[in-house]
Amino acid sequence: MLDRNWFSEAMDGTGSAFSLKITGKLHEETSEYQKIEVYETSDWGNLMVIDDYTMVSTRDNFLYHEMLSHPALYTHPQPKSVAIIGGGDCGTLREVLKHAEVEHATQIDIDERVTRVSEMYFPELCESNNDPRAELLFIDGIKWMQEAQPGSLDVIIVDSTDPVGPGEVLFSEAFYKACFNALGKDGVLVQQSESPLLHQELIRRMSSDMHKAGFFATRLLSFPQPIYPSGWWSATMAGKSGLDSFRADAARERSFETRYYNEAIHLGALATPQFLHDL
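Criteria and cut-off values
- Residues numbered from 1 in each chain as written.
- Predicted model: local features only at pLDDT ≥ 70, side-chain atom pairs only at ≥ 80, totals over all residues.
- Heavy atoms only, no water.
- Helix = DSSP H or I, 4+ residues; strand = E, 2+ residues; numbered from the N terminus.
- Buried < 20%, exposed > 50% of the residue type's maximum accessible area, 1.4 Å probe, protein only.
- Polar contact = N/O pair within 3.5 Å; in protein donor to acceptor, adjacent residues only side chain to side chain.
- Contact = heavy atoms within 4.5 Å.
- Domains from an automatic or database assignment.
- Salt bridge = Lys/Arg side-chain N within 4 Å of Asp/Glu carboxyl O.
- Nonpolar A, V, L, I, M, F, W, Y, C, P; charged D, E, K, R; others polar.
- Pairing = 2+ DSSP bridges.
- Axes fitted to C-alpha atoms, helices over the stretch in contact; angles between N-to-C directions.
- Disulfide = S-S within 2.5 Å.
- Phe/Tyr/Trp six-rings, centres within 6.5 Å; stacked < 30°, edge-to-face > 60°.

Remarks on the side chain of Glu95
Okay, step 1: By secondary structure assignment, the location of Glu95 is in helix α2 (residues 91-96).
Okay, step 2: The class of Glu95 is buried, set by a relative accessible area of 0%.
Okay, step 3: Among the polar contacts listed, one links the side chain of Glu95 to the side chain of Lys98, at a separation of 3.1 Å.
Okay, step 4: For Glu95, the residues in contact, after removing those within four places along its chain, are His65, Glu66, Ser69 and His70.

Comments concerning the domain arrangement of the protein chain
Okay, step 1: Under the domain assignment used here, the protein chain contains domain 1 (6-57) and domain 2 (60-276).
Okay, step 2: If you look at where domain 1 meets domain 2, you find one salt bridge.
Okay, step 3: Note that Arg113 and Glu29 form a salt bridge whose closest N and O atoms lie 2.8 Å from each other.
Okay, step 4: Secondary-structure elements contributing two or more residues to the side of domain 1 that touches domain 2 are β1 (6-11), β2 (16-30), β3 (35-41), β4 (46-50) and β5 (53-57).
Okay, step 5: Among the residues making up the side of domain 1 that touches domain 2, the classes are represented as 14 nonpolar, seven polar and two charged.

Side note on the sheet that holds strand β7 (residues 104-108)
Through backbone hydrogen bonds, the strands of a sheet pair up, either in parallel or in antiparallel fashion.
Okay, step 1: Read from one edge of the open sheet, seven strands run β8-β7-β6-β9-β10-β12-β11, paired in mixed fashion. Of all the strands in the sheet, the pair left with one neighbour each is β8 (134-137) and β11 (217-224). Adjacent strand axes in the sheet meet at a mean angle of 15°, parallel and antiparallel pairs treated alike.
Okay, step 2: For strand β10 (residues 183-192) and strand β12 (residues 232-239), the ladder comprises five bridges, and the chain directions are antiparallel.

Quick notes on the state of the cysteines
Okay, step 1: Counting across every chain of the model gives zero disulfides.
Okay, step 2: Cys179 carries a free sulfur, and the closest cysteine sulfur to it, the one in Cys90, is 20 Å from it.
Okay, step 3: Classification of Cys179 by relative accessible area gives buried; the value is 0%.

Some details on the environment of Ala251
Okay, step 1: With respect to the helices, strands and loops of the structure, Ala251 is situated in helix α7 (residues 248-252).
Okay, step 2: Given a relative accessible area of 0%, Ala251 falls into the buried group.
Okay, step 3: C-alpha of Ala251 to C-alpha of Gln192: the two residues are 59 residues apart in sequence and 21 Å apart in space.
Okay, step 4: In contact with Ala251, other than residues within four places in its own chain, are Tyr74, Phe246, Tyr261 and Glu263.

Focus on the packing of aromatic side chains
Okay, step 1: Under the definition given, this model contains seven aromatic pairs.
Okay, step 2: Here the aromatic rings of Phe7 and Tyr39 are separated by 5.5 Å at their centres, their planes lie at 40°, and the arrangement is tilted. Pair noted here: Phe7 is in strand β1 and Tyr39 is in strand β3, with a separation of 32 residues, a long-range link.
Okay, step 3: Tyr39 sits in the buried class, given a relative accessible area of 9%.

With respect to helix α5 (residues 173-182)
Okay, step 1: Taken together, the buried positions of α5 are Phe175, Tyr176, Ala178, Cys179, Phe180 and Ala182.
Okay, step 2: Summarising the contacts, the buried residues of α5 are in contact with β6 (81-86), α4 (141-146), β9 (153-159), β10 and α6 (200-212).

Things to note about the pairing of β12
Okay, step 1: By the criterion of burial, β12 is predominantly enclosed, with seven of the eight residues buried.
Okay, step 2: The pairing of β11 with β12 spans eight bridges and is classified as antiparallel. Residue Phe223 lies in a different strand from β12, and its bridge partner there is Trp233.

See the structure below:
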């Protein structure tokens, strides 16, 4: 049994848990929407926890943020306008704005406190918050998407919480229809889609609902993510006109630094395990 010097997240229904050794609590507050905590860990840097679920750590956040951003941006032929739904820790926004061709990136997260806490304890994730191309809105992202001008976006990134409670509607056909309408003809939607090992039915349903909403093609990206259930995570891409336009040369010759993503990782992440083919 672990003692109180460990933070543990038990994963209901999976018979598993994930733990990190902590050396202290740096922050705790209850916002209008959720409980936000930040711990100092022995080996993983700072750890943000929301409503007792691990969200982001200093050590491994680059895996998630890079894979939620760069594959979709290098799949679109010329991404100029990007919207991020959720993403309050701002790591995804930072990765998006590494792309010089992006002219405007709007981040819409309902809870401003997540961003302010991230600025305090994960400043490296927030280094692009003052970029003139960035717009941070603290409003209802679902409503914002429903009211977005048709065809006004090139890429939509849904950096959401789990599909429970208020976040459940983000995993619905109705929401995907709103995204479809807001995207231009070559538009790409990408959304975190939980663990390929533990959440196969969710992944199957997401792909089905994206097609029902009008998207021509969907593809699953998988990648390691140690602090999330099973340590293996995924994102699902959907394209209005297909997803076969990966700009491999641009990815290979990118002018910015990444720690995980490159053109080979992009292609490898699209390889689908047989058990997912068999869904």
